[in-house]
Amino acid sequence: MKITRIETFLVPPRWLFCRVETDDGVVGWGEPVVEGRAEVVRAAVDVLAGYLIGQDPLRIQDHWQVLTKGGFYRGGPVLSSAVAGLDQALWDIAGKTYGAPVHALLGGPVRDRVRVYAWVGGDEPAELSEQIAAQVEAGFTAVKMNGAGATSPMPTAAETAAVVDRVAAAREALGPDRDVAVDFHGRFTAAAARRVLPELAALHPLFVEEPVVPEHGHLLPGLVAASPVPLATGERLYGRTEFLPVLAAGIAVAQPDLSHAGGISEVHRIASLAETYGAQLAPHCPLGPIALAASLQVAFATPNFLIQEQSRGIHYNKDADLLSYLVDPEPFRFVAGHAPRGDAPGLGITIDEAAVRAADRTGHAWRNPVWRHPDGSFAEW
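So, here's what we can say about the structure.

Conventions used here
Residues numbered from 1 in each chain as written. Predicted model: local features only at pLDDT ≥ 70, side-chain atom pairs only at ≥ 80, totals over all residues. Heavy atoms only, no water. Core = buried A, V, L, I, M, F, W, Y, C linked by side-chain atoms within 4.5 Å. Buried < 20%, exposed > 50% of the residue type's maximum accessible area, 1.4 Å probe, protein only. Helix = DSSP H or I, 4+ residues; strand = E, 2+ residues; numbered from the N terminus. Contact = heavy atoms within 4.5 Å. Polar contact = N/O pair within 3.5 Å; in protein donor to acceptor, adjacent residues only side chain to side chain. Phe/Tyr/Trp six-rings, centres within 6.5 Å; stacked < 30°, edge-to-face > 60°. Lys NZ or Arg CZ within 6 Å of the ring centre and 35° of its normal. Pairing = 2+ DSSP bridges. Axes fitted to C-alpha atoms, helices over the stretch in contact; angles between N-to-C directions. Arc of directions from axis to C-beta.

1. Focus: the nonpolar core
Here's step 1: Core analysis: the biggest nonpolar cluster contains 108 residues, and Phe 17, Leu 86, Phe 184, Leu 200, Ile 264 and Phe 332 have the highest contact counts within it.
Here's step 2: Among the elements that take part in this core, helix α11 (residues 289–300) stands out by supplying nine residues, more than any other.
Here's step 3: Excluding its chain neighbours within four sequence positions, the residues that come into contact with Phe 332 are Pro 289, Leu 292, Ala 293, Leu 296, Arg 312, Leu 322, Leu 323, Leu 326 and Ile 349.
Here's step 4: One finds Trp 119, Leu 206, Tyr 316 and Trp 371 within the second-largest nonpolar core, a separate group that totals 16 residues.

Put into structure tokens, the structure is as follows:
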């Protein structure tokens, strides 16, 4: 079996899909994307396709080595995301070839269902309680929210109180038996995070995500020591070597993204590395159906898995949603806040190819907002 064609599709709301076809007629799908830079990743996939065409798709690990290390310059979000989507597609082909779900190829399932959470925004807290009530009604046992919008480098007492108040509102809406995760999104300086984290402890967040930007990872040991709340990070880290120092710093939850951190192959290894530090895995995935399907396959085969992000109804999804490009939405039918394990081969989903090709004719040019502080200086989004 040889790879004969690789195509990419720029589909709303902000995703990039890739399709890998073989001469045996087996097709695999992946989701290689950097949100806001999808066109750049598309070009990177085209470059890497030059190596893969004519190759045996089942030599996944060898291809991963060449795609990540075959160039003198390595790493970074664009290359790692291009490799990630291609890696997902190769695992999809392998599962379909062997007639098994990817989690079986990773060593078999360690659980029957995967806990998932829903997004409820939080940049603007006015409708927070209503949004949480809707997710509870839908059966979710956990939600995630942004802790704040644009945040001053040294927040005022009022800004700090506003963060605590919105998490308190979420806790009141959820009650004591459900969980809230709080995303700082790198909007806080280390000093600001040290100030607010102890104030959140009584509200018992599941974790606080990205307390500082990834380039300030060297400050995490001090934050971990000062925080009574479990800390999580990793959506902007792209491989084991980048996760090593943050795990050594003592983070509680590793959050690699299956569409950014080298795909199924590398995230499975990151999970094993996290396990040696007693850290849990909660893959980042505010993306499309292929990324989520890949994430779930890893989750079913990972002992130290905690919870899975998913994007149904997320505020980014304006022109399409999680189910828009699926033939059958059943794999993402969440029951009591969990995704049941399926046994369909490969990634376990069937992509509506006609819908994808039609969407690509429209495409998208999604960009994240650029925020500024009241004095006109740049603010972290």
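2. A short note on the environment of Asp 375
Here's step 1: Turning to its location among the elements, Asp 375 is positioned in the loop between β13 (371–372) and β14 (378–379).
Here's step 2: Under the relative-accessibility criterion, Asp 375 is labelled exposed at 65%.
Here's step 3: Separated by 52 residues in sequence, Asp 375 and Leu 323 place their C-alpha atoms 42 Å apart.
Here's step 4: A distance of 2.7 Å separates polar atoms of two side chains, one belonging to Asp 375 and the other to Ser 377.

3. A word on the packing of aromatic side chains
Here's step 1: Per the counting criterion, the structure on display carries ten aromatic pairs.
Here's step 2: For the ring pair Phe 9 and Trp 29, a centre distance of 5.8 Å and an interplane angle of 35° mean the geometry is tilted. Here Trp 29 lies in strand β3 (residues 27–30) and Phe 9 lies in strand β1 (residues 3–11), a separation of 20 residues in the sequence. Side by side, Phe 9 and Trp 29 carry an identical accessibility label, which is buried.
Here's step 3: Ring centres of Phe 17 and Tyr 325 lie 5.7 Å apart, and the angle between their planes is 90°; on these two criteria the pair is classed as edge-to-face. Of this pair, Phe 17 sits in strand β2 (residues 15–22) while Tyr 325 is found in the loop between β11 (308–309) and β12 (338–340), placing the two residues 308 residues apart along the sequence. By the burial criterion, Phe 17 is buried, and Tyr 325 matches it.
Here's step 4: Feature note: the residues Trp 15, Phe 17 and Tyr 325 constitute an aromatic cluster, connected by ring pairs.
Here's step 5: If you follow Arg 14 out to its NZ or CZ, it ends over the ring of Trp 366, 4.7 Å from the centre.
Here's step 6: Above the ring of Trp 64, the side-chain terminus of Arg 269 is found at 4.5 Å from the ring centroid.

4. Focus on the sheet that holds β2
Here's step 1: Strand order in the open sheet made by the three strands is β1-β2-β3, with antiparallel pairing throughout. Each end of this open sheet is capped by a strand with a single partner; those strands are β1 and β3. Shown here is a sheet whose adjacent strand axes are inclined to one another by a mean of 20°, direction ignored.
Here's step 2: Where β1 and β2 come together, eight bridges link them in antiparallel fashion. Residue pairing in the sheet places Phe 9 in a bridge with Phe 17 of β2.
Here's step 3: Against the sheet, helix α1 (residues 38–52) touches β1 and β2, its axis set at about 180° to β1.

5. A few points about helix α5 (residues 128–137)
Here's step 1: Residues Leu 128, Ile 132 and Gln 135 constitute the buried set of α5. What you see down the axis of α5 is that its buried residues fit within an arc of 60°, all on one side. Opposite the buried face of α5, by more than 90 degrees, sit the exposed residues Glu 130 and Glu 137.
Here's step 2: Residues of α5 that are buried sit in contact with β4 (113–119), β5 (142–146) and α6 (157–174).
Here's step 3: Residue Gly 139 follows α5 closely and has a positive phi angle near 105°.

These figures capture arrangement, not role.
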